[in-house]
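Residues per chain, in single letters:
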Amino acid sequence: MALPGPRSPGDAAGVLPAIGRAGLVGLTPKQLAATTDLPLPVVQSELARLASGKRVVKVGRGLWVAREFAGDPSADPTFQGPAWYTEQFERAFDLRPAPFAGPIQFNPNERLPVHRWWSYVQGFSAEFVERVLAEYAVGPGDTVLDPFAGSGTVPVVARRAGAASVGIELMPVAAFVARAKQLWSVSPASLRQAARSLLRNEGLPPTLSPPFLTETRRQFPGAVLRSLLRIKEDLAGLPDDGARTLLKLSFAGILVESSHLKRSPCLGYAKREGLSARTPYALFQERVETIATDLEGLNGTPVGPEARIVQGDAKDPWLPPESVDLAITSPPYVNGMDYVNNYKIELAWLDLAESYEDLRTLRSSLVACDNVSRSVIQGHRPGPATAHEPWLTAISARIQERLAQKPGYRRGDMAGVVTKYFDDLASVLHRVYDALRPGGRFVVVNGDSFIAGTYVPGDLLFARLAHAQGFEVERFQVARARRSGQRRSFRLRESVLTLLRPGPREPPGRSRAPGKGRAPRGADPRPFAPVSGEINPRGERSGRGSPPGTDGSGTAPPPPGSSRPPPGSPRWRSPRP
């Protein structure tokens, strides 16, 4: 039966004005139906008519915009984009973006020993970490930190370089993987022998029940599900040692490959033909053999100590003050993916989460994303680092304005999510600053975002928050171009920031990055004070007035127990370039 459509253009005359009012934010057909009080089929028919006349254009994830907003968002006179923020950043810090050459994404790791034990789309390349360690001559006697360790790329590379390392990771499955990738002393023969004991039970019916996930039987064919449950049951019966941990890692790595799922990069459904009861066992054997082969290659290789992997929150004080020589990380990007949903299969099958409530609790503890509980955002109060950051204040206000143009947006508190995200990162910056030795560096891979028609320079905001914590922003490099998921025509970037904790130069024999450590031109060295004379996103020139809630000096005192020097001390004040 044909779907009803408008009898004449006048029947759906409200569709085009609604799209026009939404501006570059755009509206989905469902949002248009709610806004115009028209049936969805009528809206869809009118959109098709308007599109054929080139009056509206579909962009991104099902969004429709008026033709004048289909290309560069700068068609909106109120839009502040990458060029505006980059110019302001250059002016304040006297630091121009430079290109970063070399691979930065995880993909090349798929061919490298140890790194290939687990595919982690959100990780960065081992070659990138190797280059950073080589630049600063990191080796035996040094300590490297990754506060968002993910699957453990930094600890693996640091160990190969002979350095000690610490990885902090709150996601249980990632922390498990990072620990497993440090088990280099496991005998390849014992690993293969333990695997053979599992393979002997192939075909036996399992006694375990499937995990709590309600879609498990949709995700896995019946025969595959039984094989996976059999392997999991047999793994539980092995001695609790390094070999079993590596077998569990192999098992976790075959779950998505054995299913009707894909991760590219977010978890979703995919058609996969030829899955059978044999599939999990064949994939399991292949992964075990890869690990055993890599262990044989590591035998006799001089390496550093086994890394310390902490399953915990990077906002907590895990390390003694001034105990780290170099920190490298890539935090979640603002409005990035829902890591809990993306890895819920492994969390459930490895018994790292036993209910949907466990998943919600875990999500609420991570750096804020757009799937975090609304109660977390409602109960959050911005800290001094974000409450007095003029760019963030203006961006949050603009997001709220855009949402008022877009009825039915999935989150009316998106501005709060963005503020909570940067508040979380400010706390991590504080911990890393305290953990670094004077003269140590923090190298960060980060990116920008496009949220509700608003550009968010996540990397540059991170740099400003770092300066507020006492870091000098030494380098800003652009590694690659990306595209917005909302608007495929809008170009984003992935960048590399190098931050310096001020202090004495390194001892003789230690490398120092080229150039001087830079503080913002004309900067107030006190934390949380705006850079003098900068123009904020509202076009207003800021001064050095005292932020509300301070003692009148324009600064907030360092938190109790901080190793940060008092404001105004020689170590705090960064030399001008």
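See the structure above.
Residues numbered from 1 in each chain as written. Predicted model: local features only at pLDDT ≥ 70, side-chain atom pairs only at ≥ 80, totals over all residues. Heavy atoms only, no water.

Focus on the side chain of threonine 36
By the element assignment, threonine 36 lies in helix H2 (residues 29–36). Threonine 36 gets classed as buried once you look at its relative accessible area, which sits at 19%. Here the side chain of threonine 36 touches leucine 32 through a polar contact of 2.7 Å, landing on its backbone oxygen. Threonine 36 has contacts with Gly14, Val15, Ala18 and Val43, leaving out every residue within four places of it along the chain. (Helix = DSSP H or I, 4+ residues; strand = E, 2+ residues; numbered from the N terminus. Buried < 20%, exposed > 50% of the residue type's maximum accessible area, 1.4 Å probe, protein only. Polar contact = N/O pair within 3.5 Å; in protein donor to acceptor, adjacent residues only side chain to side chain. Contact = heavy atoms within 4.5 Å.)

Some words on the pairing of strand E5 (residues 164–169)
Counting buried residues in E5 gives 5 out of 6 residues, a clear majority hidden from the surface. Where strand E4 (residues 143–146) and E5 come together, 4 bridges link them in parallel fashion. What sits directly across from valine 144, in E5, is serine 165. At this point the chain moves from E4, through helix H6 (residues 153–160), to the parallel E5, and the crossover so formed is right-handed. Pairing geometry for E5 and strand E8 (residues 308–311), over 4 bridges, is parallel. Paired with glutamate 169 across the two strands is glutamine 311, which belongs to E8. (Pairing = 2+ DSSP bridges. Right-handed = clockwise from strand over helix to strand, strands pointing away.)

Regarding the nonpolar core
Counting 84 residues, the largest nonpolar core has Val15, Phe89, Ile399, Phe422, Phe442 and Phe471 as its most contacted members. No other element matches helix H19 (residues 414–435), which puts 13 residues into this core. Residues contacting phenylalanine 422, with those up to four places away along its chain left out, are Val334, Thr386, Leu392, Val456, Gly458, Leu461, Phe462 and Leu465. Ranked by size, the runner-up nonpolar core spans 61 residues in total, among them Leu229, Leu249, Ile345 and Leu366. (Core = buried A, V, L, I, M, F, W, Y, C linked by side-chain atoms within 4.5 Å.)

Regarding the pattern of salt bridges
The final tally for this structure, using the stated rule, is 26 salt bridges. Two residues, aspartate 338 and arginine 363, come together in a salt bridge whose shortest N-O distance is 2.9 Å. Residue aspartate 338 is located in the loop between strand E9 (324–329) and helix H13 (339–342), and its partner arginine 363 is located in helix H15 (residues 356–365); the two are separated by 25 residues in the primary sequence. This pair shows no difference in class: aspartate 338 is buried, exactly as arginine 363 is. A salt bridge links arginine 493 to aspartate 459, with the nearest nitrogen and oxygen atoms 2.7 Å apart. In this pair, arginine 493 is assigned in strand E14 (residues 491–500) and aspartate 459 in helix H20 (residues 458–469), connecting sequence segments 34 residues apart. Aspartate 459 gets classed as buried once you look at its relative accessible area, which sits at 0%. (Salt bridge = Lys/Arg side-chain N within 4 Å of Asp/Glu carboxyl O.)

Function cannot be inferred from these measures alone, as they are strictly geometric.
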